[in-house]
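Observations on chain architecture
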Amino acid sequence: MIERIWSGRSPLFWLLWPLSLLYGLASSLIRMSYRLGWRRAWRAPVPVVVVGNLTAGGNGKTPLVVWLVEHLQQRGYRVGVVSRGYGGHAPRYPFLVTPEATAAQAGDEPVLIFQRTGAPVAVAPRRRDAVAALLAAYPLDLIVTDDGLQHYALARDVELVVVDGVRRFGNGWWLPAGPMRERASRLASVDAVIVNGGEARDGEIAMRLEASEAVNLLSGERRPVSSLAPMVAMAGIGHPPRFFATLERLGARLTRSVAFADHQHWRPEQLAALTPDERQPLIMTEKDAVKCRVFARDNWWYVPVDAVLPSASSQALLDKLSGLIAQQRQY
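- As annotated in an unreviewed UniProt entry, the protein carries the name Tetraacyldisaccharide 4'-kinase and comes from Musicola paradisiaca.
- If you open the UniProt record of the protein and go to Sequence similarities (unreviewed entry), you find "Belongs to the LpxK family."
- In its Catalytic activity (unreviewed entry) section, the UniProt entry covering the protein states "a lipid A disaccharide + ATP = a lipid IVA + ADP + H(+)".

Here you go:
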């Protein structure tokens with residue numbers, strides 16, 4: 001239903017339109033208050049890179065964060081990551097993610113980033129607190145914030161916006177009548193627009209998410225997706241159809257595709273019921289896997305994805321960040 005509203009195909013748009021005007025007014029006033037100096041943003045002593053989006057729902061921010069961290073690490077830099085930790089309920093804030101931390105505490109995306117990159121990760125409702133906690137615990141050269149484009153209380157040196165190249169901006173209206181957190185004109189002020197899938201336009205950087213193998217949650221065994229028996233697919237992410245389409249491109253034989261809400265909290269019996277025959281594979285996203293690994297069954301698999309960017313664009317972006325780090329070290 002929400003997709004029909006956001007694409008402009010439902011008359012319910014007009015019922016939500018007044019709320020969108022209020023959302024847009026509030027959003028604009030918040031940004032204006034920082035631009036005019038009525039409120040002051042806190043600046044970290046190291047460069048801060050925000051990876052965000054203009055729309056609600058999954059656009060591919062987290063794979064880009066992983067890509068940035070891994071490539072900066074390959075250049076020898078010490079990178080930390082901060083997040084709101086949406087969906088998690090930590091015993092305290094700021095909360096430093098450890099190998100023992102669960103998605104229920106830190107949120108699924110921070111745990112995924114920590115497991116993939118090994119980088120220090122902290123979560124807090126106020127990202128300033130998360131940054132301060134990381135810098136107190138680790139010597140870092142740069143901070144990447146997963147989401148937070150609209151969190152203007154934290155000053156940033158670079159803004160990267162990820163756009164879903166297929167869905168783009170829907171009807172172009174603010175939440176809840178449309179998918180927008182800010183209007184598309186905001187793109188004119190960011191450092192780079194990175195388009196996930198679809199067609200990149202002039203001035204945009206194309207990105208694709210590449211997947212190849214399925215990984216067993218219990219054993220860690222890797223197998224081609226196409227080699228698994230007919231399977232049930234599930235996804236609790238911002239845009240499940242993208243995951244199901246990826247599986248089909250990899251040759252998966254799907255008997256059923258089940259979409260859940262983003263950041264869904266799983267119960268063991270809930271997932272077990274999807275494959276009553278335990279010989280049938282249940283396949284999910286890596287983001288879902290971090291939440292149910294502790295009670296996984298041996299027929300459960302996930303598919304990790306990696307962001308891939310054009311070499312020239314990626315080199316220019318990494319060189320820019322390296323320059324910021326070098327400049328900061330001079331002071």
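As for the UniProt feature "binding site: ATP" (unreviewed entry) in the protein
- The feature "binding site: ATP" (unreviewed entry), as annotated in UniProt, sits at Thr55, Ala56, Gly57, Gly58, Asn59, Gly60, Lys61 and Thr62 in this numbering.
- Checked against the element boundaries, Thr55 lands in the loop between strand S1 (48-52) and helix H3 (61-74).
- With residues up to four places along the chain from it excluded, the contact list for Thr55 reads Arg168, Phe169, Pro179, Met180 and Arg181.
- Looking at the element boundaries, Gly60 is found in the loop between S1 and H3.
- Filtering out sequence-adjacent residues up to four positions away, Gly60 remains in contact with Val162, Asn196 and Met207.

As for the environment of Pro310
- Looking at the element boundaries, Pro310 is found in the loop between strand S15 (306-308) and helix H10 (311-329).
- For Pro310, a relative accessible area of 34% translates into the label partly exposed.
- With sequence-adjacent residues up to four places away left out, Pro310 is seen in contact with Ile205 and Ala206.

Details of the UniProt feature "transmembrane region" (unreviewed entry) in the protein
- Listed under "transmembrane region" (unreviewed entry) in the UniProt record, and renumbered for this structure, are residues 12-30.
- Structurally, residues 12-30 is divided into 95% helix and 0% strand, and its ends, taken at the C-alpha atoms, are 28 Å apart.

Some details on the sheet that holds strand S12 (residues 254-259)
- On the basis of which strands lie adjacent, the open sheet formed by six strands has the order S10-S9-S14-S13-S11-S12 and mixed pairing. Each edge of the open sheet carries a strand with a single partner, namely strand S10 (222-224) and S12. On average, adjacent strands in this sheet sit at an angle of 30 degrees to one another, irrespective of strand direction.
- With four bridges connecting them, strand S13 (residues 282-285) and strand S14 (residues 300-303) associate as parallel partners. Of the residues in S14, the one forming a bridge with Ile283 is Trp301.

Calculation criteria
- Residues numbered from 1 in each chain as written.
- Predicted model: local features only at pLDDT ≥ 70, side-chain atom pairs only at ≥ 80, totals over all residues.
- Heavy atoms only, no water.
- UniProt positions renumbered as here; feature names shortened; annotations may be inferred.
- Helix = DSSP H or I, 4+ residues; strand = E, 2+ residues; numbered from the N terminus.
- Contact = heavy atoms within 4.5 Å.
- Buried < 20%, exposed > 50% of the residue type's maximum accessible area, 1.4 Å probe, protein only.
- Pairing = 2+ DSSP bridges.
- Axes fitted to C-alpha atoms, helices over the stretch in contact; angles between N-to-C directions.

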